[in-house]
Amino acid sequence: MSEKEDSVPRKVEIPSDMLAFNKAVIAEHRANGGKLGGPMEGRTVLLLTTTGRRSGEQRTTVLGYGRYRDRLVVIASNNAAPSAPAWYHNLLADPNATVELGSERFNVRATTAGPDERDELGKVVPYLEAQQQRTAREIPIVILDRVG
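Residues numbered from 1 in each chain as written. Predicted model: local features only at pLDDT ≥ 70, side-chain atom pairs only at ≥ 80, totals over all residues. Heavy atoms only, no water.

## With respect to the environment of Gly114
Keep this limit in mind: Put simply, DSSP H or I for four residues or longer makes a helix, DSSP E for two residues or longer makes a strand, and each gets a number counted from the N terminus. A simple rule labels every residue: compare its accessible area, found with a 1.4 Å probe on the protein chains alone, to the largest value its type can have, and call it buried under 20%, exposed over 50%, or partly exposed in between.
With respect to the helices, strands and loops of the structure, Gly114 is situated in the loop between β6 (104-112) and α4 (115-122). Residue Gly114 is classed as buried on the basis of its relative accessible area, which comes to 15%. C-alpha separation for the pair Gly114 and Val142, spaced 28 residues apart in sequence, amounts to 9.6 Å.

And the structure:
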């Protein structure tokens with residue numbers, strides 16, 4: 001395998017038990033300062049902790065992200081499911097959240113990109129187009145701005 005091929009992240013198959021997979025990735029991320037191995041090696045991921053809109057409990061999820069200036073950009077794809085993921089609904093109810101990026105942890109405020117921002121922000125999330133092609137709903141682009 002060439003050096004170039006080795007540096008390209010491999011496609012990750014969607015696990016049959018996403019909850020267990022995410023728990024393992026979260027534990028590995030926290031234990032290793034954000035560095036991941038195995039099928040997730042080389043991926044740019046962050047941990048997003050939201051407050052459950054019904055439960056009030058803290059919920060952490062693993063998300064790929066892009067950067068636009070000093071903002072973090074994620075998409076509420078839910079693997080192109082017909083509905084947005086729970087974390088997105090949690091942010092609509094309470095836009096204040098916590099991000100873990102590498103070994104750093106900080107507070108953010110989330111907003112959904114408007115139609116005038118979608119094209120520009122969508123460019124920093126390379127898999128948006130592929131996800132959008134798999135669903136009829138418009139996948140929300142979420143901007144995470146550091147606060148405090």
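## Description of the side chain of Asn90
The following threshold applies: Any two residues having at least one pair of non-hydrogen atoms within 4.5 Å are treated as being in contact.
Mapped onto the secondary structure, Asn90 falls in helix α3 (residues 86-93). Contacts of Asn90, omitting those with residues within four sequence positions, involve Thr50, Thr51, Gly52, Arg53 and Arg59.

## Digging into α3
Operational definition: In this description, one arc is meant: the one made by directions from the helix axis to the C-beta atoms.
Of the residues making up α3, those classed as buried are Trp87, Tyr88, Asn90 and Leu91. Angularly, the buried residues of α3 cover 160° about the axis, an arc narrow enough to put them on a single face. Opposite its buried face, α3 presents the exposed residues Leu92 and Ala93, each directed more than 90 degrees away. Its buried side turned inward, α3 meets β1 (45-51), β2 (58-64), β4 (71-75), β5 (96-101), β6 and β7 (141-146).

## Remarks on the sheet that holds β6
Here is the rule we go by: Being paired, for any two strands, means DSSP has found at least two bridges between them. An axis is simply a line fitted to the C-alpha atoms; with a helix, the fit covers only the stretch in contact. Between two such axes, the angle follows the N-to-C directions and lies from 0 to 180 degrees.
Strand order in the open sheet made by the seven strands is β2-β1-β5-β6-β7-β4-β3, with antiparallel pairing throughout. Of all strands in the sheet, those with a lone pairing partner are β2 and β3 (66-68), marking the two edges. On average, each strand axis in the sheet is inclined to that of its neighbour by 35°, with strand direction left out of account. Judged from the five bridges that link them, β6 and β7 form a sheet pairing that is antiparallel. For Ala110, the partnering residue across the bridge sits in β7 and is Leu144. The strands that α3 touches are β1, β2, β4, β5, β6 and β7; relative to β1, the one it contacts most, it runs at about 55°.

## Notes on the packing of aromatic side chains
This is how it is decided: Stacked, edge-to-face and tilted labels apply to pairs of Phe, Tyr and Trp rings (six-membered ring for Trp) whose centres lie within 6.5 Å, assigned for plane angles under 30 degrees, over 60, and everything in between, in that order. Definition used: whenever NZ (Lys) or CZ (Arg) falls within 6 Å of the ring centre and also within 35 degrees of the ring normal, the charge is taken to sit over that ring.
Under the defined criterion, the tally for this structure stands at one aromatic pair. Considering the side-chain rings of Trp87 and Tyr88, the 6.3 Å spacing of their centres and the 90° angle between planes classify their relative orientation as edge-to-face. Taking relative accessible area as the criterion, Trp87 reaches 8% and is therefore assigned buried. Just above the ring of Phe106 sits the side chain of Arg146; from NZ or CZ to the centre is 3.7 Å.

## Concerning unusual backbone geometry
Positive phi is not limited to glycine here, since Arg69 has a value of about 55°. Counting through the fold element by element, Arg69 comes out in the loop between β3 and β4. Phi angles above zero are rare outside glycine, and Ala80 is one such case at about 65°. With respect to the helices and strands, Ala80 occurs in the loop between β4 and α3.

## Quick look at the side chain of Thr135
Applicable threshold: Polar contacts, as used here, are pairs of N or O atoms within 3.5 Å; protein pairs need one atom able to donate a hydrogen and one able to accept it. Residues neighboring in sequence count only if both atoms are side-chain atoms.
Assignment of secondary structure puts Thr135 in the loop between α5 (128-133) and β7. Only 3.5 Å separates the side chain of Thr135 from the backbone nitrogen of Arg137, close enough to count as a polar contact. With sequence-adjacent residues up to four places away left out, Thr135 is seen in contact with Ala80, Ala81 and Pro82.

## Description of the pairing of β1
Taken residue by residue, a regular strand's side chains alternate between the two faces of the sheet. Most of β1 sits out of view: six of its seven residues are buried. Where β1 and β2 come together, seven bridges link them in antiparallel fashion. Looking at β2, one finds that Thr50 is bridged to Arg59. Linking β1 to β2, which pair antiparallel, is a turn of six residues; within it Gly56 sits at a positive phi near 75°. By the bridge criterion, three bridges tie β1 to β5 in an arrangement that is antiparallel. The residue bridging Leu48 from the neighbouring strand is Val99, located in β5.

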